[in-house]
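Each chain, written out:
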Amino acid sequence: MTTSVDRTSVPAVPAVPAETAESPEIPAEADRHRAPGLLDGALHAELTPEGCDLGYWFRAVPEGTLGGHPMGRSPDVTVPEHMLREGPLRQAVMQELAFRSMAEEKAARAISHLVAHAPDLAGMDFYTTQLMDEARHAYAFRGHLLELGVLEADVEGTMEDLAGPDRDAVLTPLEEFGLEVLRDGRDYIGGVITLTVLVEGVLAPTAELSERKWRPFDPAAAEIERAAGIDEIRHLSVGTTIVRRHLRRYPRERDRIAALIERGTRLWAQLPVQDLTFRREQLYQQGLEQHRDLAGDYEVWPGRRLVDTTAEERMRTAAEWAHTTQRARLADMGLTP
């Protein structure tokens with residue numbers, strides 16, 4: 001769908017070069033070698049629940065997106081030695097992945113209500129696959145903590161230490177908002193909006209930045225993020241299609257949905273997300289300064305070397321990406337902001 005939103009302000013990242021022959025049975029948007037970057041896909045992909053059913057998922061995701069690896073990364077990509085030593089880079093990635101794992105776990109649990117209240121089989125089947133995706137993301141992010149040296153017996157306690165307070169401050173209020181809509185209100189479309197616009201639509205640019213910034217330092221983490229991002233393209237696109245169809249069928253719902261988005265936006269503004277992100281970006285900045293040689297001339301986005309960026313600039317850029325992505329998705333839904 002063509003909109004008036006300027007989609008050129010978010011730079012695309014080329015797909016990872018193919019290392020094996022392309023499979024004609026795997027759609028391009030799900031193929032780990034051919035899929036676009038998360039931001040580009042989130043802005044341009046047009047997918048439907050019928051087209052992304054259980055058959056699609058079993059055909060495209062395990063082999064196409066994950067390449068047969070449950071964490072979604074190449075087995076021959078090892079964790080670099082510098083990431084196994086205590087320091088700001090290791091601390092930054094561990095805090096980030098612990099928080100992300102907690103967020104994905106909460107998403108998986110909430111999506112069970114979308115499965116339960118889906119009004120048709122296409123929606124039920126699609127959100128069943130998304131529930132599996134989010135649970136796998138939580139598993140993969142948690143699994144990388146093990147690769148970084150956390151003992152399996154200690155992983156839950158370590159995650160609690162790393163991200164428990166941030167979960168309580170940010171994720172728990174979002175979860176309560178979502179469950180009020182989904183579980184208590186049994187509002188399927190409201191739940192799709194909450195997930196697509198107020199959660200994934202806001203967090204997707206942060207995930208894209210994460211993949212880009214970890215590539216020079218922790219390529220295994222970047223590959224895990226890449227696989228999760230390919231899933232998120234599908235989630236954002238199909239969620240948009242579901243809402244757009246609903247509004248075309250029930251145009252009187254527009255004001256109610258707009259009010260829900262406004263409530264959710266006000267909640268986001270009250271959460272300490274910026275403080276949380278800035279703390280992590282400061283840690284990352286310290287590590288970046290320590291390991292400038294590893295980053296070299298790598299560009300985190302076209303024309304901008306990673307080593308020349310600051311914590312504030314990366315946060316500002318991710319916020320701009322989030323604004324562009326959210327506006328585009330709202331316009332595609334028929335909810336022009």
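Everything below is about the structure shown above.
What comes next concerns the included structure. In every chain, residue numbers begin from 1 and rise along the written sequence. It should be noted that, the model being predicted, local features are given only for residues of pLDDT at least 70 and side-chain atom pairs only at 80 or more, the latter also being counted only at that level, while totals for whole chains, interfaces and linings use all residues. Side-chain figures throughout are based on the complete set of non-hydrogen atoms in the structure, without hydrogens or water.

The next subject is helix α6 (residues 155-184). The first and last C-alpha atoms of α6 sit only 32 Å apart over 30 residues, clearly below the 44 Å expected at 1.5 Å per residue. Two axes enter the bend calculation: one fitted to the seven residues ending at the residue in question, the other to the seven starting there, and the bend is the angle between them. Put simply, DSSP marks the helices as runs of H or I at least four residues long and the strands as runs of E at least two long, and each gets a number from the N terminus on. At Ala163, α6 shows its largest bend, some 65 degrees, and a proline, Pro165, comes one to four positions later. In this analysis, the expected span of each helix is defined as 1.5 Å times one less than the number of residues it contains.

This brings us to the environment of Asp166. By the secondary structure assignment, Asp166 is in helix α6. In this structure, the C-alpha to C-alpha distance between Asp166 and Leu148, residues 18 residues apart in sequence, is 21 Å. A contact between two residues is defined here by any heavy atoms of the two lying within 4.5 Å. Apart from the residues within four sequence positions on either side, Asp166 is in contact with Phe99, Leu171, Leu276, Arg279 and Arg280.

For helices, the axis comes from a line fit to the C-alpha atoms of the stretch in contact; other axes are also lines fit to C-alpha atoms, and the angle between any two N-to-C directions lies between 0 and 180 degrees. As a packed pair, α6 and helix α9 (residues 254-270) sit with axes 10 Å apart at the nearest point and diverge in direction by 165 degrees. As the angle between them shows, α6 and α9 are arranged roughly antiparallel. Handedness of the crossing formed by α6 with α9: right-handed. Of the residues in α9, those in contact with Pro173, Leu174, Phe177, Glu180 and Val181 of α6 are Leu260, Arg263, Gly264, Leu267 and Trp268. Charged means Asp, Glu, Lys or Arg here, nonpolar means Ala, Val, Leu, Ile, Met, Phe, Trp, Tyr, Cys or Pro, and polar covers whatever is left, Gly included. Each residue belonging to the contact of α6 with α9 can be placed in one class, and the counts come to 7 nonpolar, 1 polar and 2 charged. Each angle is binned into one of four classes, with values under 35 degrees roughly parallel, values over 145 roughly antiparallel, values of 65 to 115 roughly perpendicular, and all other values oblique. For a crossing to be left-handed, the near helix must be turned anticlockwise from the far one by less than a right angle; the clockwise case is right-handed.

Counting 81 residues, the largest nonpolar core has Tyr127, Ile193, Trp214 and Phe217 as its most contacted members. Among the elements that line this core, the one with the most residues is helix α4 (residues 88-117), at 13 residues. Look past the residues within four positions of Tyr127 in its chain and what remains in contact with it is Ile111, Leu114, Val115, Tyr188, Val192, Leu195, Gly239 and Ile242. Definition used in this section: a nonpolar core is a set of buried Ala, Val, Leu, Ile, Met, Phe, Trp, Tyr and Cys residues joined via side-chain atoms within 4.5 Å. Type-normalised accessible area, obtained with a 1.4 Å probe on protein chains alone, sets the label of each residue: buried when under 20%, exposed when over 50%, and partly exposed for intermediate values. Within the second largest apolar cluster, 7 residues are counted, among which are Ala42, Ala204, Ala207 and Leu236.

This part takes up the packing of aromatic side chains. Any pair of aromatic rings gets described here by the distance separating the centres and the angle formed by the planes. Classification of ring pairs rests on two measures: the distance between centres of Phe, Tyr or Trp rings, Trp counted by its six-membered ring, which must be within 6.5 Å, and the angle between planes, read as stacked under 30 degrees, edge-to-face over 60 and tilted in between. Counted according to the given criterion, the structure contains 6 aromatic pairs. Each ring, one from Phe126 and one from Tyr127, has its centre 4.9 Å from the other, and the planes form 75 degrees; the classification is edge-to-face. As far as the burial class goes, Phe126 and Tyr127 line up, both buried. On the numbers, 5.9 Å between centres and 70 degrees between planes, the contact of Phe217 with Tyr284 is edge-to-face. One end of the pair, Phe217, is in the loop between α7 (188-214) and α8 (219-249); the other, Tyr284, is in helix α10 (residues 273-290), and 67 residues separate them in sequence. Classification of Tyr284 as buried rests on a relative accessible area of 0%. The rings of Phe126, Tyr127 and Tyr188 are connected pair by pair, giving a single aromatic cluster. Geometrically, a charge over a ring is one whose NZ (Lys) or CZ (Arg) sits within 6 Å of the ring centre while staying within 35 degrees of the ring normal. Here Lys213 stacks its cationic end above the ring of Tyr284, 4.9 Å away from the centre of that ring.

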